[in-house]
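Examining the three-dimensional arrangement
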Amino acid sequence: MSIMQYNGGSVIAMVGKDCVAIASDLRLGNQSLGISSNFEKIFAMTERTYVGLPGLATDVTTLHEQLRYRLNMYTIKEERTMEPETFIHLVSSTLYEKRWGPYFIEPVLAGMQKTPSGAFRPFVASTDLIGCINFAKDFVVAGTASEKLFGVAEGLWEPDLEPEDLFETISQTLLNAVDRDAYSGWGAVVHVITKDKVVKRTLKGRMD
Amino acid sequence: MDISFALTGKGYVLVAADTTAARSIIKMKSDEDKIKVLSPHLLMAFSGEPGDTVNFAEYVERNLRLYHIRHTYPLRPASAASWIRRSLAESLRSRSPYSVNLLLGGYDTATHTPELYWVDYLGTMTSVPFGAHGYGSYFALSLLDRYHDPEAGLEEGLAALRRCIDEVSKRLVVSPGKYKVKVVDKDGVREIEL
């Protein structure tokens, strides 16, 4: 079994109309043995940028601490917050730095990007474990249930969903995908991000 | 194979570990203490590669003691756990990694909450209501799913712990005979005879 599947866990992010959503399960396991049903993999980096870090759990914590440090240094030096598109490049270079001994994480990012006119546009992206960026227009998935997430999302997602509809779509996608994956599940958490607020909801899932 | 359990209750954390020191199929000792007292309100049960375990536990103990002396107050459980996790995560990608699994039980004297962290040799850390390491985890986790109550008093907590130990003794082929049990609460750390 691959080290990427050792602890289990999945993350998905979707674009909506003037909003984005990012969701993950809450399981932490040791192969098939469940250890915790409260292991969050999604972290708020700035007020409008959220990153999900599915993969090896030790690297989830280490990479989160590393990214938080680099983001804080940027914020202090530049005296401004980092935009999501900049942040995904920071994630990419942080991962590529460890090209020959990588962090076993496939990050997923969701945020609201500031445009030159001052408006906000939804932004999602993901990378592989060595930092190759995938800019997507619709949705991105990662983790042990990624194949299932691709299938369900492909069927349920449609363009220009309002925040409430996007929440419903991403929740159903995640819950139904992780029910077909033994290494993901045990509850879920969803963040819906709009330009001026973020709503976090914890979902009940099947506990088997 | 070492076995350790820990569970939280109303204002306390119970930590238990077996007391056998074995080499291959031979028991060398049956009164080994595998639970270290790291600070006035922090306990650590350690298991894993013999040699690594005691060495790492003492390294942690001395560093937390140094922090206590330098600052006159000890690290709070969450911060101590974070530091210990980082030590393990850095060690994992070094030339000679420690293979040590931990259960960290502490009582936060600032927020008056009992805290329990499950940590493995990879540097995986998570906050749990109850946890276990070794072969005992296959029995204890499912038992505690049914019988654990975060609001239970000490006697009820000990009863749940006894269930885990009894089940391991009954079902595990190579079960250890004796356990050491320690508790941490607002009054600090003390040992309990089961």
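Residues numbered from 1 in each chain as written. Chains lettered and ligands numbered in written order. Predicted model: local features only at pLDDT ≥ 70, side-chain atom pairs only at ≥ 80, totals over all residues. Heavy atoms only, no water.

**Describing the overall build of chain B**
For clarity, the threshold we go by: Counting from the N terminus, the helices are the DSSP runs of H or I reaching at least four residues and the strands are the DSSP runs of E reaching at least two. Atoms considered for the radius of gyration are the C-alpha atoms alone. The globule rule reads 2.2 Å times the number of residues to the power 0.38. Working definition: with a 1.4 Å probe on protein chains only, accessible area under 20% of the residue-type maximum means buried, over 50% means exposed, and in between means partly exposed. By definition in these notes, contact holds between two residues if any of their heavy atoms fall within 4.5 Å. The Shrake-Rupley method, run with a 1.4 Å probe sphere, supplies the accessible areas, and residue values consider only the shown protein chains as cover.
In terms of regular secondary structure, chain B is built from 4 helices and 12 strands. Against the compact-globule benchmark of 16 Å for 194 residues, chain B has a radius of gyration of 16 Å, which places it among compact chains. In terms of overall dimensions, chain B has C-alpha extents of about 45 × 40 × 25 Å along its principal axes. Across the 194 residues of chain B, 51% fall into the buried class. Taking the intrachain contacts of chain B between residues at least 6 apart in sequence as the baseline, contacts between residues at least 24 apart amount to 60%. For chain B, the exposed area adds up to about 9600 Å²; of that, 50% sits on carbon and sulfur atoms.

**Overview of the interface of chain A and chain B**
Put simply, the rule reads: Accessible-area loss on putting two parts together, using a 1.4 Å probe and summing over both, is the definition of buried area adopted here. For this analysis, a polar contact is any N or O atom pair within 3.5 Å, provided that within protein one partner can donate a hydrogen and the other can accept it, and provided that sequence-adjacent residues contribute only side-chain to side-chain pairs. All amino acids are sorted into three groups, where Ala, Val, Leu, Ile, Met, Phe, Trp, Tyr, Cys and Pro are nonpolar, Asp, Glu, Lys and Arg are charged, and the leftover types, Gly among them, are polar.
At the interface, 19 residues of chain A touch 18 residues of chain B. Interface area, chain A with chain B, both sides summed: about 1300 Å², of which 53% is carbon and sulfur. Summed over the three residues of chain A that lose the most area to chain B, namely A:Leu33, A:Ile35 and A:Thr58, the buried surface amounts to 35% of that side. The tally of links from chain A across to chain B stands at 8 residue pairs in polar contact (both at pLDDT 80 or more). Of all the elements in the fold, those that place two or more residues in the side of chain A that touches chain B are β3 (28–30), β4 (33–36) and α1 (57–78) of chain A. Each residue belonging to the side of chain A that touches chain B can be placed in one class, and the counts come to 10 nonpolar, 7 polar and 2 charged.

**Topic: the packing of α1(A) against helix α2 (residues 84–96) of chain A**
All names here are of chain A. Defined as follows: Throughout, an axis means a line fitted to C-alpha atoms (over the contacting stretch in the case of helices), and angles, computed between N-to-C directions, take values from 0 to 180 degrees. Our angle categories are set so that under 35 degrees counts as roughly parallel, over 145 as roughly antiparallel, 65 to 115 as roughly perpendicular, and the remainder as oblique. When the near helix sits turned anticlockwise from the far one by under a right angle, the crossing is termed left-handed; a clockwise turn instead gives a right-handed crossing.
Orientation of α1 relative to α2, taken along the N-to-C sense of each, is 125 degrees, at an axis distance of 11 Å. As the angle between them shows, α1 and α2 are arranged oblique. Regarding α1 and α2, the two cross each other, and that crossing is right-handed. On the side of α1, the interface is formed by Leu63, Gln66, Leu67, Arg70, Leu71 and Tyr74, while α2 contributes Thr86, Phe87, Leu90, Val91, Thr94 and Leu95. Looking at the contact of α1 with α2 residue by residue, the class counts come to 8 nonpolar, 3 polar and 1 charged.

**Observations regarding a negative patch on the surface**
Where we set the bar: Candidates for patches are residues over 30% relative accessible area with no salt bridge; among them, like charges are joined within 9 Å and nonpolar side chains (Val, Leu, Ile, Met, Phe, Trp, Tyr) within 5 Å. Salt bridges are defined by distance alone: a side-chain nitrogen of Lys or Arg within 4 Å of a carboxyl oxygen of Asp or Glu. The charge count treats Lys and Arg as positive and Asp and Glu as negative. His and the chain ends do not count. To locate a charge, take NZ of a lysine, CZ of an arginine, CG of an aspartate or CD of a glutamate.
Together, A:Asp18, A:Glu158, A:Asp160, A:Glu162, A:Glu164, A:Asp165 and A:Glu168 make up a negatively charged patch on the protein surface. Here A:Asp18 lies in the loop between β1 (10–15) and β2 (19–25).

**Observations regarding a nonpolar patch on the surface**
Nonpolar side chains collect at one region of the surface, where A:Tyr69, A:Met73 and A:Ile76 lie side by side and expose about 320 Å² of accessible area between them. The partly exposed category is assigned to A:Tyr69, whose relative accessible area is 49%.

**Brief notes about the sheet that holds strand β2 (residues 12–18) of chain B**
All names here are of chain B. Going by this rule: Strands are labelled as partners when DSSP assigns at least two bridges between them.
The 5 strands lie next to each other as β10-β1-β2-β11-β12, forming an open sheet whose pairing is antiparallel. Of all strands in the sheet, those bounded by a partner on one side alone are β10 (130–133) and β12 (188–192). Sheet twist, expressed as the average angle between the axes of neighbouring strands with direction ignored, equals 15 degrees. Where strand β11 (residues 179–185) and β12 come together, 5 bridges link them in antiparallel fashion. Among the inter-strand pairings, valine 181 is bridged to a residue of β12, identified as isoleucine 192. Against the sheet, helix α3 (residues 136–147) engages β1 (4–9) and β10, with an angle of about 165 degrees to β10.

**Quick look at the pattern of salt bridges**
Working definition: two side chains of opposite charge can pair if their charged atoms are close together. Taken as a whole and assessed by the stated rule, the structure comprises 25 salt bridges over all chains. A salt bridge links A:Glu78 to A:Arg80; the nearest nitrogen and oxygen atoms lie 3.1 Å apart. A:Glu78 gets classed as partly exposed once you look at its relative accessible area, which sits at 40%. For A:Arg80, a relative accessible area of 45% puts it in the partly exposed group. Here A:Arg121 and A:Glu85 are joined by a salt bridge, their closest N and O atoms 2.9 Å apart. One end of the pair, A:Arg121, is in strand β8 (residues 120–127); the other, A:Glu85, is in helix α2, with 36 residues separating them in the sequence. Judged by relative accessible area, A:Glu85 falls into the partly exposed class, the value being 29%. Within the structure, one salt-bridge network assembled from shared partners comprises A:Glu65, B:Arg85, B:Arg86 and B:Glu90.

**With respect to the nonpolar core**
For soluble globular proteins, nonpolar side chains are generally found buried alongside one another. Stated formally: Definition of nonpolar core: a set of buried residues of the types Ala, Val, Leu, Ile, Met, Phe, Trp, Tyr and Cys, connected through side-chain atoms within 4.5 Å.
Formed by 62 residues in total, the largest nonpolar core has its most connected members in A:Phe87, B:Phe5, B:Leu14 and B:Leu161. In this view, B:Leu14 contacts B:Phe5, B:Ala6, B:Leu7, B:Leu154, B:Gly157, B:Leu158, B:Leu161, B:Val181, B:Lys182, B:Val183 and B:Ile192; residues no more than four positions away in its chain are not counted. A:Phe139, A:Trp157, A:Leu166 and A:Ala188 belong to the second largest nonpolar core, which has 23 residues in total.

**What about the packing of aromatic side chains?**
Cut-off, in case you're wondering: Note on aromatic contacts: the rings of Phe and Tyr and the six-membered ring of Trp form a pair at centre separations within 6.5 Å, being stacked when their planes are under 30 degrees apart, edge-to-face when over 60 apart, and tilted otherwise. As a reminder, the over-ring test applies to NZ of lysine and CZ of arginine, requiring each to be within 6 Å of the ring centre and within 35 degrees of the ring normal.
Under the criterion given, the structure shown has 8 aromatic pairs over all chains. Members of the aromatic cluster, joined through ring pairs, are B:Phe56, B:Tyr59, B:Trp83 and B:Tyr98. Above the face of the A:Trp100 ring, A:Arg99 is positioned so that its terminal group lies 4.1 Å from the ring centre. One cation-aromatic arrangement involves A:Arg201 over A:Phe167; the distance from NZ or CZ to the ring centre is 4.2 Å.

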